[in-house]
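Survey of secondary and tertiary structure
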Amino acid sequence: MQLNEGRWQLAGHDVEALAEQHGTPLYLYDEQTIRRQVKRFRNAFGAFDHRIHYAMKANSNRDVLLLMKNLGLGIDAVSIYEIRHALEVGFDAHQILFTPNGVPFDELEQAIELGARLNIENLTYLEQLGEAYRGDVPCTLRIHPGLVMPPSSRDATGWYQRSRFGIGEDQMAQALRLVELHGIRVEGLHVHSSSMILDEQVFGAAAKVLLDLARKLPNVMAIDLGGGIRPPYRDEDDHPDLDALAHSLTKPLEQFESETGRSLQLWFEPGRYLVAESGTLLTRVNVIKQLGGRTIAAVDTGFHQLLRPKLYDAWHEIKNISNPHGPQQVIDVCGCLCEEDDLAKARSLPEVREGHLLAIRNAGAYGYSMASTYNSRPLPAEMML
Ligand SMILES: Cc1ncc(COP(=O)(O)O)c(C=O)c1O
């Protein structure tokens, strides 16, 4: 977003004019930012034969999906509805990896019928798959992240052990027995290590675990390292260096190749990294209130349209589009719902008045896709720039 002669511009558009034309609240996505992020990701892992399955739960806007398709990405889907949506946008079924957890087995059956690939995360599904399809349907196996990093890892300490996703160490022997019993073709091994990767060794550590297992499974042709890389939401945010993450993979892969003569593909499932920075939520200030020493700006959006501040205490940069050069003022920005709905607390912004337009930045991931119609409010409009 650039300030040009006193007017904020986004992807060459005047932001105030966009809001006037299309109304608020309004989600905007900047195509060039998504292209840049895909390019960065590809460059970092360019030394490897790799494939990206975009985690569409982060943002399933049709234009975003079309862009990902045109850029040659596949899809990581978590529901039969996402699969159908991706097919309708034009993805080939074999480009869609389905990673369900806790859904009825019926959804897996429908996914198989449609031709999507399956990523199996528990023994129940594995057994049901074996019994229903014998060896006819291949799959990847999702491994529990507790196998990857020690509890002392600085990534969300303990998260790896507490995660409920994937097949755990104590279940692995049984999983391998089921694979053998039913003749299931395991084509890949997967781990989504965390949604807050900070440790740059994590991919290397994950690869070692998956590759060790791949030695016992001769049909494995890919290891999938999931998503979890986030761009910094503000300058001081700790974030991993993509090149260092990629570098951590070199040794384990080289060793595996030289020992087994097999070379495996690397798969990734980034969501947030590709789309977070592309998104801006425009919102209008309806009410300014002075209360208990606070100045509060109540806006025409809220946690029904951007849940992250409420759910994760997430920080999103806010710009006052209407008054870029106003005197700085400390203000709380809250939504229009009938409960505590802080979007930002004690933020220093150029003076905010009723009717001003605010831009909430980095809202491209888990923004609209987590939105609801709480308070019977309609969903906001979305637009790709
Ligand atoms: C299995 C799996 N893959 C990929 C992702 C995408 O994660 P992110 O958006 O943090 O890259 C998630 C997020 O929950 C996930 O559970």
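All values derive from a computational prediction rather than experimental measurement.

1. Describing the overall build of the protein
The secondary structure content of the protein amounts to twelve helices and 19 strands. Taken over the C-alpha trace, the protein has a radius of gyration of 23 Å; the compact-globule value for 385 residues is 21 Å, and the two agree within 12%. Along the first, second and third principal axes, the C-alpha atoms of the protein reach 70 × 40 × 40 Å. Relative to its 385 residues, the protein shows a buried fraction of 45%. Taking the contacts inside the protein whose residues are at least 6 apart along the sequence as the reference set, 69% of them involve residues at least 24 apart.

2. Focus: the sheet that holds strand β10 (residues 186-190)
Spatially, eight strands are ordered β5-β6-β7-β8-β9-β10-β11-β12 in a closed barrel, and the strand pairing comes out parallel. Each strand axis lies, on average, 25 degrees off the axis of its neighbour in the sheet, ignoring direction. Relative to strand β6 (residues 74-77), strand β5 (residues 50-55) runs parallel, the two sharing three bridges. Residue pairing for β6: His-53 is matched across the bridge by Gly-74.

3. Topic: the nonpolar core
Within the largest apolar cluster, 104 residues are counted, with the highest numbers of intra-cluster contacts made by Ala-77, Ile-96, Ala-206, Leu-210, Ile-223 and Leu-358. Here this core takes ten residues from helix α9 (residues 202-214), the largest share from any one element. Counting the residues that make up this core, at least three belong to each of domain 1 (2-29 + 277-384) and domain 2 (60-270). Apart from the residues within four sequence positions on either side, Ile-223 is in contact with Gly-188, Leu-189, Ala-207, Leu-210, Leu-211, Ala-214, Leu-264 and Leu-266.

4. Comments concerning the domain arrangement of the protein
Taken domain by domain, the protein consists of domain 1 (2-29 + 277-384) and domain 2 (60-270). Centre-to-centre, using C-alpha coordinates, domain 1 lies 35 Å away from domain 2. Facing the ten residues of domain 1 at the interface are seven residues of domain 2. For the side of domain 1 that touches domain 2, the per-class residue count stands at four nonpolar, three polar and three charged.

5. As for the site of the ligand
Taken together, the neighbourhood of the ligand is formed by 15 residues, with Ala-55, Gly-227, Glu-269, Gly-271 and Arg-272 sitting nearest. Of the residues in the shell around the ligand, the class split is five nonpolar, seven polar and three charged.

6. Regarding the sheet that holds strand β1 (residues 2-4)
The strand order β1-β2-β3 describes an open sheet built from three strands, whose pairing is antiparallel. At either end of the open sheet lies a strand with only one pairing partner, and these are β1 and β3 (13-14).

7. A word on the packing of helix α2 (residues 31-44) against helix α10 (residues 242-260)
Between α2 and α10, the shortest axis-to-axis distance is 9 Å and the interhelical angle comes to 35 degrees. As for the relative orientation of α2 and α10, their crossing is right-handed in sense. Of the residues in α10, those in contact with Arg-40, Phe-41 and Ala-44 of α2 are Leu-242, Asp-243 and Ala-246. Its residues placed into classes, the contact of α2 with α10 shows four nonpolar, no polar and two charged.

8. Quick notes on the pairing of strand β12 (residues 265-268)
Side chains on a regular strand alternate between the two faces of the sheet. Of the pairings in the sheet, the one linking β5 to β12 comprises three bridges and is parallel in character. In the strand pairing of β12, His-50 is matched with Leu-266. One ladder, built from three bridges, connects strand β11 (residues 222-224) with β12; its direction is parallel. Across the sheet, residue Ala-222 finds its bridge partner in β12, namely Gln-265. One crossover worth recording links β11 to the parallel β12 by way of α10, and it is right-handed.

9. Side note on helix α1 (residues 15-22)
Every buried residue of α1 is listed here: Val-15, Leu-18 and Ala-19. In an axial view of α1, the angular spread of the buried residues amounts to 95 degrees, which keeps them on one side of the axis. Away from its buried face by more than 90 degrees, α1 exposes Ala-17, Glu-20 and Gln-21. Here the buried face of α1 lies against β2 (7-10), β3, β4 (26-29), β13 (279-291) and β18 (357-361).

What counts as what
Residues numbered from 1 in each chain as written. Predicted model: local features only at pLDDT ≥ 70, side-chain atom pairs only at ≥ 80, totals over all residues. Helix = DSSP H or I, 4+ residues; strand = E, 2+ residues; numbered from the N terminus. Rg over C-alpha atoms; globule rule 2.2 N^0.38 Å. Buried ≥ 20, exposed ≤ 12 C-beta atoms within 10 Å, placed from the backbone. Contact = placed C-beta atoms within 7 Å. Pairing = 2+ DSSP bridges. Axes fitted to C-alpha atoms, helices over the stretch in contact; angles between N-to-C directions. Core = buried A, V, L, I, M, F, W, Y, C linked by C-beta atoms within 7 Å. Domains from an automatic or database assignment. Nonpolar A, V, L, I, M, F, W, Y, C, P; charged D, E, K, R; others polar. Near = placed C-beta within 6 Å. Left-handed = near helix turned anticlockwise from the far one by under 90°. Right-handed = clockwise from strand over helix to strand, strands pointing away. Arc of directions from axis to C-beta.

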